[in-house]
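One letter stands for each residue in the lines below.
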Amino acid sequence: MTVVEAPSRVLVGGERYATAGTYPIVNPATEDVVAEAPDAGPADVAAAVEAAKAAFPAWSQTSREERSRLLHRAADIVESRADELGALIQAETGALMHVARWFQVTGTVGRLRRYARGALEVRDVPLAPHAMPSTVLGPGALLGGNVLRRPVGVVACVTPYNWPMGGMAGKVGPALATGNTVVVKPAPQDPLACLALGEILVEAGFPPGVVNVLTSAGPETGAALVDSPDVDMVSFTGSTAVGMKIAEAGGRTLKRLFLELGGKGAAIVLPDADIPTAVTGISATWTFQSGQGCILPTRAVVHRSIYDALVEALAERANSLKVGDPLDADTVVGPVISAAQRERIESLTQSARDEGARIAAGGTRPGLPRGFYAAPTLVADAHPGMTIAQREVFGPVVTAIPYDTVEEAVEITNGTEYGLHNYVFGKDVGKAYDLAAQLRSGYVSLNNSLQHPEAPFGGFKRSGLGRDGGSFALDAYTEMQSVVWT
Ligand code: NAD
């Protein structure tokens with residue numbers, strides 16, 4: 001059953017065309033088919049990369065003002081179609097409507113406008129005059145110079161399912177602002193709003209070939225894109241396992257790589273922490289996108305003096321959250337993206353039981369007739385080495401681990417392969433601030449779970465390579481070029 005109008009063609013060289021096959025996009029709440037999505041293959045990848053490559057020379061020479069104008073125009077169109085896009089995103093992701101509307105649609109408008117301003121931002125660095133003596137390279141001179149930012153070229157933007165349109169905007173915004181051309185490959189589960197955003201960018205006036213969007217059911221299309229010798233950079237957000245494959249494949253042609261990968265965020269709760277503040281912060285793992293977020297505080301690392309009280313308060317909160325239809329106004333926890341994702345969550349929860357942890361809340365499948373639901377779950381009394389404490393669940397599961405000393409809390413927090421985002425809750429903010437120096441993650445939040453849009457975003461260790469966010473994204477999609485004169 002088609003519930004919303006969805007784009008049905010891929011976008012290559014400014015044209016929309018039908019691929020040889022299609023595949024169904026399923027609404028995670030109803031299990032109905034939202035629409036058929038185009039299933040692009042290797043020939044489509046080759047055509048899209050060729051179009052992006054052909055468009056690059058002219059596009060990279062357009063003025064900053066022109067690039068800024070087009071990004072603002074695209075933001076205007078997204079704004080004017082906010083209701084329709086919100087409904088489409090809600091249907092294909094199963095997100096609560098306010099998440100679809102605020103984080104995806106409003107977030108997309110915000111990012112397009114941020115990088116419309118970013119297009120005008122000059123990040124060139126003048127070099128101080130330098131006196132050079134005569135050498136075999138030439139007579140002595142006073143050298144002046146400028147370090148300039150140049151676009152990388154054709155950028156493959158490969159995005160994950162949990163952040164479809166907003167994630168695409170976060171990549172194409174800075175990539176286009178700095179003069180690159182893009183081939184976008186959204187996640188197979190929910191690519192329809194990304195196709196719509198591609199069409200909007202073309203409607204806004206981006207020339208043919210500057211923006212191309214390919215959707216596909218399987219991983220081969222993304223892999224073919226990464227393999228293409230004519231792709232200069234891969235900007236990937238997704239799992240660490242796929243990120244490592246991309247690093248390997250991209251390494252063969254020495255592509256520029258920007259990788260935003262998995263996370264296993266910890267919230268260290270210090271003995272003096274305000275318990276309600278910590279509970280609200282940690283609950284984001286249940287209340288935000290059913291735990292499908294890379295930055296969420298999925299491990300509660302709690303001082304033993306307040307451990308029982310905090311676990312009790314967390315269990316109470318988990319049990320109070322309404323799970324169900326994302327279109328109901330009082331629903332807090334909607335479905336996860338697919339039956340496969342629910343199975344992954346359930347099997348990791350079972351591993352916690354098998355390895356001796358205690359399920360303090362949730363842990364069983366909610367009794368709803370349809371939809372891919374998982375209950376907000378609290379795993380308590382876990383050991384840091386347990387599977388549930390090491391692996392990324394990407395679902396509404398918090399794992400509570402007690403600690404006795406700050407050194408132990410730091411060791412537990414740093415003791416996974418990830419290093420994306422950690423949290424510290426404690427009344428002594430100075431102490432919490434100092435503690436951040438020992439945490440191996442790209443981001444540390446103190447007593448909150450909000451995101452600063454201008455902060456550099458990315459991970460230590462196997463959580464990624466490089467940073468975007470604010471003006472840092474303008475650096476991520478450019479190469480430095482030194483121009484030196486006498
Ligand atoms: P995924 O890694 O399974 O897929 C991401 C994208 O990669 C999809 O478009 C997929 O089709 C494509 N892909 C798969 N195999 C490929 C290959 N061999 N070559 C090229 N492309 C390939 O991730 P997912 O399940 O869609 O998303 C969840 C993951 O994303 C989690 O691990 C989460 O932590 C991570 N994530 C990270 C961030 C961040 O900013 N660090 C943000 C959101 C999500």
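Residues numbered from 1 in each chain as written. Predicted model: local features only at pLDDT ≥ 70, side-chain atom pairs only at ≥ 80, totals over all residues. Heavy atoms only, no water.

## A short note on the environment of A318
For step 1, the next point in the chain: Among the secondary structure elements, A318 is positioned in helix α10 (residues 304-320).
For step 2, the next point in the chain: Taking the C-alpha atoms as reference, A318 lies 34 Å from V158; in sequence the two are 160 residues apart.
For step 3, the next point in the chain: Look past the residues within four positions of A318 in its chain and what remains in contact with it is W286, A361 and P376. (Helix = DSSP H or I, 4+ residues; strand = E, 2+ residues; numbered from the N terminus. Contact = heavy atoms within 4.5 Å.)

## Focus: the packing of helix α4 (residues 97-118) against helix α5 (residues 164-177)
For step 1, the next point in the chain: Interaxial distance between α4 and α5 falls to 8 Å at its minimum, and their mutual angle equals 5 degrees. Considering the angle they form, α4 stands roughly parallel to α5. Listed contacts from α5 to Q104, V105, T108, R111, L112 and Y115 of α4 are P164, M165, G166, G167, A169, G170, G173, P174 and A177.
For step 2, the next point in the chain: For the contact of α4 with α5, the per-class residue count stands at eight nonpolar, six polar and one charged. (Axes fitted to C-alpha atoms, helices over the stretch in contact; angles between N-to-C directions. Parallel < 35°, antiparallel > 145°, perpendicular 65-115°, else oblique. Nonpolar A, V, L, I, M, F, W, Y, C, P; charged D, E, K, R; others polar.)

## Notes on empty space enclosed by the protein
For step 1, the next point in the chain: Applying the stated criterion across every chain, the model contains three cavities of 30 Å³ or more.
For step 2, the next point in the chain: A volume near 140 Å³ is recorded for the largest cavity.
For step 3, the next point in the chain: As for the largest cavity, its lining consists of 19 residues, and the residues nearest its centre are T93, A95, Q289, Q292 and P335.
For step 4, the next point in the chain: A breakdown of the residues in the lining of the largest cavity according to their chemical character gives ten nonpolar, eight polar and one charged.
For step 5, the next point in the chain: Composition of the lining of the largest cavity by domain shows at least three residues from each of domain 1 (10-261 + 463-485) and domain 2 (265-453). (1 Å grid on protein atoms, 1.4 Å probe; cavity = no way out; pocket = protein on both sides within 12 Å on 5 of 7 lines; lining within 4 Å. Points joined across faces, edges and corners; volume = space filled by probe spheres on them. Domains from an automatic or database assignment.)

## Focus on the site of the ligand
For step 1, the next point in the chain: In the region of the ligand, 28 residues are neighbours, and T159, K185, S239, L261 and E392 sit closest.
For step 2, the next point in the chain: In the model, an oxygen atom of the ligand is placed 2.6 Å from a nitrogen or oxygen of the S239 side chain.
For step 3, the next point in the chain: Within the backbone of L261, an N or O atom sits 2.7 Å from a nitrogen atom of the ligand.
For step 4, the next point in the chain: If you list the elements that add at least two residues to the shell around the ligand, you get α7 (220-227), β10 (233-237) and α8 (240-251).
For step 5, the next point in the chain: With three residues, α7 is the single largest residue contributor to the shell around the ligand.
For step 6, the next point in the chain: Here the shell around the ligand is built from residues that sort into 17 nonpolar, eight polar and three charged.
For step 7, the next point in the chain: Shared between two domains, the shell around the ligand holds at least three residues of each, these being domain 1 (10-261 + 463-485) and domain 2 (265-453). (Near = heavy atom within 4 Å. Polar contact = N/O pair within 3.5 Å; in protein donor to acceptor, adjacent residues only side chain to side chain.)

## Remarks on the state of the cysteines
For step 1, the next point in the chain: The final tally for this structure, using the stated rule, is zero disulfides.
For step 2, the next point in the chain: C194 takes part in no disulfide bond, and the closest cysteine sulfur, belonging to C157, lies 10 Å away.
For step 3, the next point in the chain: C294 forms no disulfide, and the closest cysteine sulfur to it belongs to C194, at a distance of 16 Å. (Disulfide = S-S within 2.5 Å.)

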